[in-house]
Amino acid sequence: MVLIRNGVELGHVSGELPDLETYLAGNEGDSVLLSPDVDLETLKPRLSGLALIEVSFPSFTDGRGFSVAKQLRRLGYEGELIATGPLIPDQYLCAVQCGFDAVKIEQECYVRQSEGEWNEALHAFDLFYQRGYVRQNPVSRNITEARYE
Amino acid sequence: MYRYDEFDHTFVRARSQQFKRQVERRLDGSLSEEQFRPLRLMNGLYLQLHAYMLRVAIPYGTFSGKQMRQLAMIADKYDRGYGHFTTRQNIQYNWPDLVDVPAILEDLADVEMHAIQTSGNCIRNTTSDPWAGAAIDEIEDPRPIAELIRQWSSLHPEFTYLPRKFKIAITGASNDRAAIRAHDIGLQIVQNDAGENGLQVYVGGGLGRTPIIGNVLREFISRHELLPYLEAIMRVYNRYGRRDNKYKARIKILVQETGLEKFRDEVEAEYAQLEPLDIAVPQEELNRIADYFSAPDYDDVSSSDEGYDKAVILHSDFAGWVRSNLSEHKISGYTIVNISLKPLKGAPGDISADQMRVVADLAQEYSFDEIRATHEQNLVLANVKKSDVYALYQKLVVAELATGNIGLISDIICCPGMDYCALATARSIPVGQAISERFSDPERQRVIGEMKIKISGCINACGHHHIGHIGILGLEKAGVETYQVKLGGDATSTAEVGKVTGKGFSFDELIDAIERMIDLYLRERDTGERFLDTYRRIGMEPFKGVLYGTD
Ligand code: SF4
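Calculation rules
- Residues numbered from 1 in each chain as written.
- Chains lettered and ligands numbered in written order.
- Predicted model: local features only at pLDDT ≥ 70, side-chain atom pairs only at ≥ 80, totals over all residues.
- Heavy atoms only, no water.
- Salt bridge = Lys/Arg side-chain N within 4 Å of Asp/Glu carboxyl O.
- Core = buried A, V, L, I, M, F, W, Y, C linked by side-chain atoms within 4.5 Å.
- Buried < 20%, exposed > 50% of the residue type's maximum accessible area, 1.4 Å probe, protein only.
- Helix = DSSP H or I, 4+ residues; strand = E, 2+ residues; numbered from the N terminus.
- Contact = heavy atoms within 4.5 Å.
- Domains from an automatic or database assignment.
- Buried area = accessible area lost by both parts, 1.4 Å probe.
- Polar contact = N/O pair within 3.5 Å; in protein donor to acceptor, adjacent residues only side chain to side chain.
- Pairing = 2+ DSSP bridges.
- Axes fitted to C-alpha atoms, helices over the stretch in contact; angles between N-to-C directions.
- Near = heavy atom within 4 Å.
- Nonpolar A, V, L, I, M, F, W, Y, C, P; charged D, E, K, R; others polar.
- Right-handed = clockwise from strand over helix to strand, strands pointing away.

We now examine the pattern of salt bridges. The final tally for this structure, using the stated rule, is 59 salt bridges over all chains. The structure contains a network of salt bridges with shared partners spanning R74(A), E158(B), E231(B), R235(B) and E270(B).

Here we come to the nonpolar core. Membership of the largest hydrophobic core comes to 154 residues, with the highest contact counts inside it found for L72(A), M68(B) and L379(B). At nine residues, helix α6 (residues 223-240) of chain B tops the list of elements feeding residues into this core. For M68(B), the contacting residues outside a window of four places in its chain are F63(B), F85(B), I351(B), M356(B), V359(B), A360(B), I371(B) and L379(B). Counting 39 residues, the second-largest nonpolar core is a separate cluster that includes Y82(B), V431(B), I455(B) and F505(B).

Residues and elements named next belong to chain B. By the assigned domains, chain B splits into domain 1 (6-109), domain 2 (134-282), domain 3 (306-398) and domain 4 (413-548). A separation of 30 Å is found between the C-alpha centroids of domain 2 and domain 4. Each partner contributes residues to the interface: domain 2 has 13 residues there, and domain 4 has 13 residues. Ranking the residues of domain 2 by area buried against domain 4 places L207, R209 and I213 at the top, with a combined share of 43%. Taken together, the connections running from domain 2 to domain 4 amount to zero salt bridges. Counting across the domain 2 and domain 4 interface gives one residue pair in polar contact (both at pLDDT 80 or more).

A word on the sheet that holds strand β2 (residues 52-56) of chain B. Residue and element names in this part refer to chain B. A sheet is described by the order of its strands in space; here five strands give the open sequence β1-β2-β5-β4-β13, paired in antiparallel fashion. Only two strands of the sheet have a single partner each, and these edge strands are β1 (45-47) and β13 (350-352). Pairs of neighbouring strands in the sheet enclose a mean axial angle of 30 degrees, with direction left out of account. Alignment of β2 against strand β5 (residues 91-93), held across three bridges, turns out to be antiparallel. By the bridge assignment, V56 is partnered in β5 with I91. Helix α3 (residues 65-78) contacts β2, β4 (82-85), β5 and β13 of the sheet and is inclined by roughly 15 degrees relative to β5.

A word on the site of the ligand. The environment of the ligand is made up of C415(B), P416(B), G417(B), C421(B), L423(B), A424(B), G457(B), C458(B), N460(B), A461(B) and C462(B). In the shell around the ligand, the residues fall into eight nonpolar, three polar and no charged.

This paragraph deals with the pairing of strand β7 (residues 168-171) of chain B. All names here are of chain B. Side chains I168 and I170 project from β7 onto one buried face, and the interleaved A169 and T171 project onto a second face that is buried too. Across two bridges, the pairing between strand β6 (residues 127-128) and β7 is parallel. Bridge pairing links T127 to A169 in β7. Taken together, β6, helix α5 (residues 143-153) and β7 constitute a β-α-β crossover, and its handedness is left-handed. Of the strand pairs in this sheet, β7 and strand β8 (residues 185-191) are connected by four bridges, and their pairing is parallel. Bridge pairing in β8 places A169 opposite G186.

Printed below as a string of structure tokens:
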């Protein structure tokens, strides 16, 4: 798998995170892999002990993970949040805006699209209509707020 | 009407630039067709039977003469000189080349238009009452809220890869002309006990294979809370809507399978965890948008106009057109002019580039430069002085736009069917044409009165056949087209899904069958009854009798 953060390819990463069941069964560990149908209530009590969460995307058209990220951030999770699956550059911004720090994609997806495309995608827009999805890096603005600055 | 400010302009340009790059990346192979497909759909680009089809958004159906002229230019330059108005107040072009699409989007952006989210599994164009701002039964013009939703839903980071398409409609009038209960979310502007206007929220309506009339999810939500509340609904849908079966992925199925009560609890639970103030826009923004829709500068004119009254008496063709195509305006001395795009032999909703320019000119001259597209595939000039109507009518006649059949039997809603659509199982446009032909006598149409015939070319129901007074569904049985007939559908505040009469008809039998039903209705009707009323009173059996000879 290839990790992309801030529009930069950070090389290969291997190894799988424990799934929710395994994580909850043990008392150790600070990382977990969530499926998009996760019931976040079960994770809530253990959230503060986590430093790394991956949310899996079964296909790039399955947008559940975006809402999971949004809900995790609302629950106060501040650690690393990674979207894992066959995402395409055109979704990178959505992921970042919903609270992901990085995406992790299959090698075969990555070869079609270069690092440049991921980086370009991150800068495709810097203005958004929705409030509550503004990102820090690179900086974006909410249009409503910009209108009254 | 709404005008873009610098931010709206920048946003739409950035979107068109992004799409241009997506096309380039498709052509150089960095995007596979599978990856490109949802991206192009989200920008209104379909692959049809013969070519690509581009669907351009007309937010809540309101646009200007200048925009109409640009649509005409695009029809001439990139297409075959015509466009097609859809049942969702959009316009589509049936023959553009893929490589031209980025240029078309630039041309659209020049006049504050786009194709954003006219297709795909995202929030689509919010539709509304075509008589907004002019209707006599209106509590409040719904378009400021529709515009608010347009902005909020444009490229939503979280809700752009939904289980399925998502349609919102809003009305501000007591008579529902936006079919809100046939939408994923329907919004009705209502007044609460404190005299405040807010929204009643319906959820889970929809047509398609499983037609369902939406139910009330919330009796009242203030306009300040609307966006946070919509966000809560969308999040529940995005997380829990079915993704295993395309035909069960709409929110109506989620609501049905979860149960309305439990679904409501889930939405309220999500809503309770939101910070509405972080999501809602401030009052000054609501005001800013609403200001664009303030009433035009109406002249103070008398309610009866001599020239108009005289023309009605002198010209029977004009009088007939007046009776069907004008609607009452809230300001006396003004009227709402409905322009039919359903001429005899035409394809419902089609309009030539030359006709577009005529409508643009008429809007500019007589109706504060504003046009409306209706979900019934017609056009409206909503603010016309009665004293101007005869002059306007004569120009419509010259442009072959003076068909006097609004709301009548030949004012048919019809999907493209086999003529264009890759999914079609039967022809639909020719069916509409054959019905119009059979009932072509304008006097006979008027005697029959209000009648909504809706035709779909397959079970996907784009022609809204479930909610037609008479609904027609074209199917294929062993290589032959058969047409199933439904009766009693209704898209208004008394919404209902029509019921199937029984076995289907061949193309040739169908027209006779419809005529027999109309004749029955004319024999049976009480004074003042529409076809729908008579059907509701006497029930299905007598109609079955004339259809299948069982009586
Ligand atoms: S109803 Fe069927 S045939 Fe008609 S436009 Fe929709 S998908 Fe095509």
